[in-house]
Structure formats: structure tokens, C-alpha cells
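# Observations on chain architecture
This is what each chain is made of:
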There are 2 protein chains.
Amino acid sequence: MSILVVGSVAYDTVETPSGRAERVLGGSASFFAVAASYFAPVNLVGVVGDDFGEKQLEAFRGRPIDLAGLERAAGKTFHWQGRYSQDLNSRDTIRTDLNVFEFFQPKIPAAYRHSELVFLGNIDPLLQREVLAQVEKPRVVACDTMNYWITGKPAELRETLAKVDVLLINDQEARELSGEWNLVKAARAIRRMGPETLVVKKGEHGVLLFGHESCFAAPALPLETVIDPTGAGDTFAGGFLGYLASRQDINDREMRRAIVFGSVLASFTVEKFSLDRLREITLREVQERYQDFRALTHFDDHEA
Amino acid sequence: MSILVVGSVAYDTVETPSGRAERVLGGSASFFAVAASYFAPVNLVGVVGDDFGEKQLEAFRGRPIDLAGLERAAGKTFHWQGRYSQDLNSRDTIRTDLNVFEFFQPKIPAAYRHSELVFLGNIDPLLQREVLAQVEKPRVVACDTMNYWITGKPAELRETLAKVDVLLINDQEARELSGEWNLVKAARAIRRMGPETLVVKKGEHGVLLFGHESCFAAPALPLETVIDPTGAGDTFAGGFLGYLASRQDINDREMRRAIVFGSVLASFTVEKFSLDRLREITLREVQERYQDFRALTHFDDHEA
């Protein structure tokens, strides 16, 4: 199954305690697409400016990532600049230049309209709905959002959520969206808004999956070296949906494996700046780290 | 194997968003002992005042908890009063009356000196060492501490840690003790101080075990109803060491099961005030919730 992703392709300037990366490739659709491409073909829809060159496109080349939907507009590419705290647990945005992304109107190429999985990156919920209007009945619609839309466009967001199967957000967003601090109550409230499955991303504390059949908790891999957390959540989403796209059936069992593959890929992303680590790994390394997650979480049944 | 626990037995006055409990049974040794008693005999060393009556002792009766080491001193019992925030994620201490606990000098009854597992509750590290001086070569020495001792008596604490096999602390304490924000680095530094095994308690985010052989991560059970988090950490420690005391061998496999049993018991404690829930459960309920943790965390190996 192929995946359609709509989101940002950007330049990031990032400072972390490990160093600084200047105008490197970033954006939710970039991390998502490269992560998902380990498992399934990806159709990318986004926009870049005329300052976005061949060098940046290299990150996508040689992978099953279709770039027919990557629009080139007159102007500059979206640029985000941020600085992480010493403990990497928080970050300040120093500068956001939306540039061509400000007027982004996703246009879905005809060849993409039969994508079976759709990932609506974190954009205006109205635009997310316009994307859905351009595709034919996907098997799974997944969606990201953020506090900016939760508080700024609650009615629009609700209308989008009614059409979504899987919502992937962080714990703070789940609390804000539902008005419930307790995550079990928050999940119930959010699942009533539309998404049958809620995935709550908790960063270094792992992921919670609230589904139709069950609840699943996966930890994050304790890592000694974290260079740059940027893109970890989008990488997670890409690994999660990429794995699902590679399966015949999408059920509780496959959802759990998908959560772990998403966590595996995110654990690589943070090991270098930008997509540098994510791009260089092999499928074998991905599978090996899946086994590390098994070793990290496994415990036996107790004796009676 | 029997367990010796040295710690506080107290009255707690607790306010949470669910209500208020006035002068109810609390204290680290109380939660620890009742939790551990589901698996193994417990020898309790602590001190109460002359205001501590038969009614409070009921919590320990009918269980394999020996109270010969529970000293009665002239004066009042330790009393802690606290108020939790609306989200239960933080608490303010309104009042701490150490009372007889201020001059607590643990005296280990002769019958306790051969306890095979020792749990040094969160008291002055000098007193913790005096406890160890009074027992004969236990198989496992486990220990709790807190920021107050980490910053206030660092040299004393280091001397105690050199004699400890298992240290159980929360993530903030691990960071403060090691001076490392990254938990993998923190664990390495702390294990160099003495404890072969470090257990990092992360509250609603679960537990990390750093051992000789491997690292293990267990989530907390997502609970819809949390009435009072007081005592969850001590209950966890009691379930963890209680289970280990019931085993022939103490190895990585049993440590993992012990972490889960500790998490199971802690998940019950928070469902009511004081020890009310912890006291009323059956071993069967404990075992059933162990299976809930299996369901929560299980994922299959992926296909090649």
C-alpha cells in the first residue's frame, strides 16, 4: 500500500548542547517520508521555495519517495530556527519564517489520489480536510495536529477529526484537546470525536496506543547520546504508518508492531542532526533495534 | 526469605482533588511492609508515639509482618500533611511534624538479624549504615534516599551506597545524585558508586531497571481513577523486594518480574487513600493485574 503525506519541507537551524546545524533539511513531511520509505512507497505533497536545491532533494533520492507533489513556489522555503535547553527537554523557537509555506494550498496529483494510507501533517485543519476531499476513500487516514490549531480553530479541527482513523499527538495536546488531564479519560473523549485509534507520544517516556481492542504502552529506548530531538515525532509517525502500509491486515497485533517500528526509527533520528542518521541506516539495523526493544520490554509470565 | 524494612510509620493528612483523609496510616515502612507481605515475611523496624493505637496496627495484623521492631516512644507519631495539585502531578507539604521520628535510632531485634533481604527506607544515610552494622550478611541490601540527603549529606550517602546492592530512587534523584541529566549516563555513574542494580521510578511514566545484564523498561498501568498517589513508590519497593524474597534465584528474569509486581501493587495503592486499597486486594487480583501488564506491553516479533 502506498502512503500520501502532506506536510512541511523546511530548512532548520538548530542549536543543541552538542552543536549547531545551519539551514539543514527539516520539516514534518521530510522526516515522515524518509522513515516511512523503509517499509512502503511514499507520495509526498509539500511546497519549497526557489532556494531549495538538488542537494536537499538527495535525501529523498534512491528511495520509494515520489516527489511529483513537491511544489516549487516563487520565494523562500519555510525556515525554522530553534535552540534546545541543556537537558534537551525543552526548546525555544528563535525564528519562524513561513515563507512559501504560509500560502500552501495542497494540490494532490492525480497519480496520488488512490493512496491507501493518508497522513495529514500538522497544518490548518481546513487544509487537512481539503486534502481528504481530493483523495478516494483511503483505507486509513492518520492525522497530526498541535495546540495552535486546538485552541485557534477548535471547530475546524473537530470537523477534520470526524474523518480521521488515527490521531497522533503528544500528551499535552491530548490533554488540551480533550480537556481531561487523565490520559485514559482524554483518550475516551478523543476517540468519541472520530479517531478509532489514538497514539499519544510522550517523548523520552515512550508512546501509548489507545485502540478499539486494547491499550498498548511502549517505552522509548534509553539512549546515551541524543544529539538533536528535532523530527523524532514525525519520524515515529512515518515508521508507524510505513510499517502498517506494508501489512495485509491492520489489526491490534500489527498496530503494536508498528508502534515499535516507529519508536525504533525515532531512536535513530535523534542520534544526529537533521535526517543524517535516519538516512544512513539499513533495514537490518532497523530490525536489530526492534530486537533491542524486545529485550528492553520483555518479561515472563509469573509462575502460579 | 524474610525481609527487614527500616523506615517511617506515620499519620498522613492528605488532600487530593478526590477528597481529604485525616490522620490516616502512612509512612514508607507501612506501605512497603503491607505490599511485601503478599509474597514474603516482613520484619518491620520503626517508631511510633503513644498516640498510635490498636486501630492503626490492624493494617499489619493477619499478615506475615513482625512488629517486634516497631518501637513505641513517649511523644507523638510522625505526622505529614500534604495537598496534591489538581492534576496529581505535584504536591505541597503543608506540615511535617517529625515528632518521635526525629530521634529515631533503629534498633534491630536479635530475631531480625538474619533477614536475607534488607530495605533501608529513606532515612539519614548514617542511620542506614548503622542498620547494616546490626545485621548479618544479607543476600540483598536495597536502599531508598531523597534529595534532602543527596545534597545535605553527600559524603555519608556515598559511604552507604558503597554497601548497597539495589538503589531505588526517582528520575530527579538519579539526576541529582549523578550530576548527569541523561539517565543512561546517570545509571552508569550511580552503579559505579556501589549498587549493582539501579531502579529509576518515573511515576506515571513507569520504571527503568539498570542492571548488570540488561536494561528493562516497564510502563505504569494507565489508570482512569487515581485517588491518592501517596505511598505508590514505597508500595512499588515492597512489591519488588517482596517478590524477590519469594524466589530461589535472583537474576535478570526474576528482577523483571519483580519490577512488574511492584508496579502492579503500586497501581492498586493509588486507587484509594492510605493503605485502604492495598490492604483489601487478594493475591488473585494481584496476579490478574500482572496479566493486564502483559497485555499492555506485549508485542510480537516481526516477520523477517
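Just so you know, these numbers come straight off a predicted model, no measurement behind them.

## Structural notes on the relation of the copies chain B and chain A
Here chain B sits on chain A after a turn of 180° about the axis and a move of 0.0 Å along it, with an RMSD of 0.0 Å. Taken together, the rotation and translation relating the two chain copies correspond to the operation of a two-fold axis. Proximity to the rotation axis, assessed at the C-alpha, singles out His205 of chain B in chain B; its C-alpha lies 3.0 Å from the axis. Interface overlap between copies: 100% of the residues of chain B at the interface are likewise at the interface in chain A, consistent with a symmetric, same-surface contact.

## So, the sheet that holds strand β6 (residues 79-84) of chain A
Residue and element names in this part refer to chain A. What the four strands build is an open sheet, ordered β3-β2-β6-β7; its pairing is mixed. The open sheet has two edge strands with one neighbour each: β3 (19-26) and β7 (91-97). Each neighbouring strand pair of the sheet contributes to a mean axis angle of 15°, computed without reference to strand direction. By the bridge criterion, six bridges tie strand β2 (residues 10-16) to β3 in an arrangement that is antiparallel. Bridging from a neighbouring strand, Val14 pairs with Ala21 of β3.

## Things to note about the interface of chain B and chain A
With 40 residues of chain B in contact, the opposing surface of chain A contributes 40 residues. Looking only at chain B, the three residues that lose the most surface to chain A are Glu224, Phe299 and His302 of chain B, adding up to 19% of its buried area. Inspection of the chain B/chain A interface yields six salt bridges. At the surface where chain B touches chain A, the tally comes to 24 residue pairs in polar contact (both at pLDDT 80 or more). For the side of chain B that touches chain A, the elements supplying multiple residues, two or more each, are α7 (183-192), β13 (215-218), α9 (252-269) and α11 (283-297) of chain B. Among the elements that make up the side of chain B that touches chain A, the one with the highest residue count is α11 of chain B (eight residues). Looking at the side of chain B that touches chain A, its residues break down into 17 nonpolar, eight polar and 15 charged.

## Digging into the packing of aromatic side chains
By convention here, two paired aromatic rings are described through the distance between centres and the angle between planes. All chains considered together, the criterion is met by 24 aromatic pairs over all chains. Within the aromatic cluster, the residues linked to one another by ring pairs are Phe39, Phe216, Tyr243, Phe261 and Tyr290 of chain A together with Phe299 of chain B. For Arg294 of chain A, the ring lying beneath its charged end belongs to Phe299 of chain B, and the centroid distance is 5.9 Å. It is Arg23 of chain B that lies over the ring of Tyr11 of chain B; its NZ or CZ is 4.4 Å from the centre.

Cut-off values and rules
Residues numbered from 1 in each chain as written. Chains lettered and ligands numbered in written order. Predicted model: local features only at pLDDT ≥ 70, side-chain atom pairs only at ≥ 80, totals over all residues. Heavy atoms only, no water. Least-squares fit on C-alpha atoms with pLDDT ≥ 70 in both. Contact = heavy atoms within 4.5 Å. Pairing = 2+ DSSP bridges. Helix = DSSP H or I, 4+ residues; strand = E, 2+ residues; numbered from the N terminus. Axes fitted to C-alpha atoms, helices over the stretch in contact; angles between N-to-C directions. Buried area = accessible area lost by both parts, 1.4 Å probe. Salt bridge = Lys/Arg side-chain N within 4 Å of Asp/Glu carboxyl O. Polar contact = N/O pair within 3.5 Å; in protein donor to acceptor, adjacent residues only side chain to side chain. Nonpolar A, V, L, I, M, F, W, Y, C, P; charged D, E, K, R; others polar. Phe/Tyr/Trp six-rings, centres within 6.5 Å; stacked < 30°, edge-to-face > 60°. Lys NZ or Arg CZ within 6 Å of the ring centre and 35° of its normal.

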